[in-house]
Amino acid sequence: MSKVKMISPAVPNVPWQDKPEDHTGAPVWRYSENPIIGRNPVKGVARIFNSAVMPYGDEFIGVFRGEQVNGIPYIYMGRSKDAIHWDFDKDKIQFVDEEGKPFMPIYAYDPRLVKVEDTYYIIWCQDFYGAAIGIAKTTDFKTFTRIENPFLPFNRNAVLFPRKVHGNFMMLSRPSDSGHTPFGDIFVSESPDMVFWGKHRHVMGKSSEWWESLKIGGGAAPIETSEGWLLFYHGVSGTCNGYVYSIGGAILDIDNPSIVKYRCENFLLTPEEWYEERGFVPNVCFPCATIHDSESGRIAIYYGAADSYVGLAFTTIDEVVDYIKEHSVVTTSDTEEGRR
Ligand code: BMA
């Protein structure tokens, strides 16, 4: 039994592999059979990466960034019995507007999938006169109704919290430019209805740590724990050979998530394996989801690798929270409420 509690359902069939005995370093270890999704996974789709999955009944469901053979990214649905082997729909998700009429974005990438109360929300990056956030909702994974775009352009990496805080939906995002943004901090915004967003607060910015010294962005939906919201995010370093994306960890205040309680100065996972270092964009570990079991404390992290594959890594709630706390460095911009 874990000493840190995850306030979420039990998922006894969470994918899992024990930590290898010779594992050193951060308390996150890779699945030995990575990548779990290889190239050309669906006819007409060259690569699947940066994708989000979650439990659904006794099985699993997910929304996947599928890079079509014409280079345009779209979102595809997948289902799995074990959260490792996935069956994908042949066609991309067909979004409709509130009247049920077809309403497709020009492109859609980096989807997150979060259930709040009885509704599943898909949040992604799309064109809204430049890179911005799109959202759709579904209750049955058959009809996907787009709702109002939450933020003005330019923005990326929107991540919804799995429950309301003080009666409001909460969403992280990363204001950006429309290109390969060389800057970026994580902000949080609130909404009473998923339409009107405000009360914007700064959560945390790039840090002086080299691995996240250029920009950061939200990753998986925060996990509610007895210590606060556990956030796996990405941190980017700008090298002379391009960006390097690593996975970081922080714990946000449970009642006021704009306040960072702990932030790990070390990365939790950084590109080391061939499928992370070699691909369409080398040196990318980009987390988008976790599956976690509140009974055993096991956490499976899903991350895009090198903009080409999906990788799976594991940790436990106790190990990762202990490590983040032991190696925590927070600045004033992390711990303040972030309103200026
Ligand atoms: C970011 C996003 C991600 C991508 C990453 C590395 O700006 O576009 O989808 O994984 O760059 O290319």
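Before reading on, note that the structure itself is shown above.
Residues numbered from 1 in each chain as written. Predicted model: local features only at pLDDT ≥ 70, side-chain atom pairs only at ≥ 80, totals over all residues. Heavy atoms only, no water.

A. Region of interest: the overall build of the protein chain. Check the secondary structure of the protein chain and you find three helices and 22 strands. At 18 Å, the protein chain has a C-alpha radius of gyration in line with the 20 Å of a compact globule built from 340 residues. C-alpha atoms of the protein chain, sized along the principal axes, occupy 50 × 45 × 45 Å. Taken over 340 residues, the protein chain has a buried fraction of 58%. At a minimum sequence separation of 6, the contacts of the protein chain that also span at least 24 residues come to 54%. (Helix = DSSP H or I, 4+ residues; strand = E, 2+ residues; numbered from the N terminus. Rg over C-alpha atoms; globule rule 2.2 N^0.38 Å. Buried < 20%, exposed > 50% of the residue type's maximum accessible area, 1.4 Å probe, protein only. Contact = heavy atoms within 4.5 Å.)

B. Geometry of the packing of aromatic side chains. According to the stated counting rule, one finds 22 aromatic pairs in the structure shown. Taking the centre distance of 6.0 Å and the plane angle of 75° together, the rings of Tyr121 and Phe169 count as edge-to-face. In this pair, Tyr121 sits in strand β8 (residues 119–127) while Phe169 sits in strand β12 (residues 169–175), placing the two residues 48 residues apart along the sequence. Judged by centre distance (5.9 Å) and plane angle (50°), the rings of Tyr245 and Phe286 are tilted. Here Tyr245, found in strand β18 (residues 242–252), pairs with Phe286, found in strand β20 (residues 285–292); they are 41 residues apart in sequence, far enough to count as distant. With respect to class, Tyr245 is no different from Phe286; both count as buried. By way of ring pairs, the aromatic residues Tyr56, Phe95, Tyr120, Trp124, Phe141 and Phe144 are connected into one cluster. Geometry around Tyr74 places Lys92 over its ring, the cationic atom sitting 5.1 Å from the centre. In this arrangement the basic side chain of Arg146 is found over the ring face of Phe103, its NZ or CZ atom lying 3.8 Å from the centre. (Phe/Tyr/Trp six-rings, centres within 6.5 Å; stacked < 30°, edge-to-face > 60°. Lys NZ or Arg CZ within 6 Å of the ring centre and 35° of its normal.)

C. Fine view of the pairing of β20. In terms of residue burial, β20 counts as a mostly covered element, since eight of its eight residues are buried. In this sheet, strand β21 (residues 298–305) lies alongside β20 in antiparallel orientation, the contact comprising seven bridges. Within the sheet, the bridge partner assigned to Thr290 lies in β21 and is Ile301. Connecting the antiparallel pair β20 and β21 is a turn made up of five residues, with Gly297 showing a positive phi of about 80°. (Pairing = 2+ DSSP bridges.)

None of the figures reported here should be taken as evidence of function without further support.
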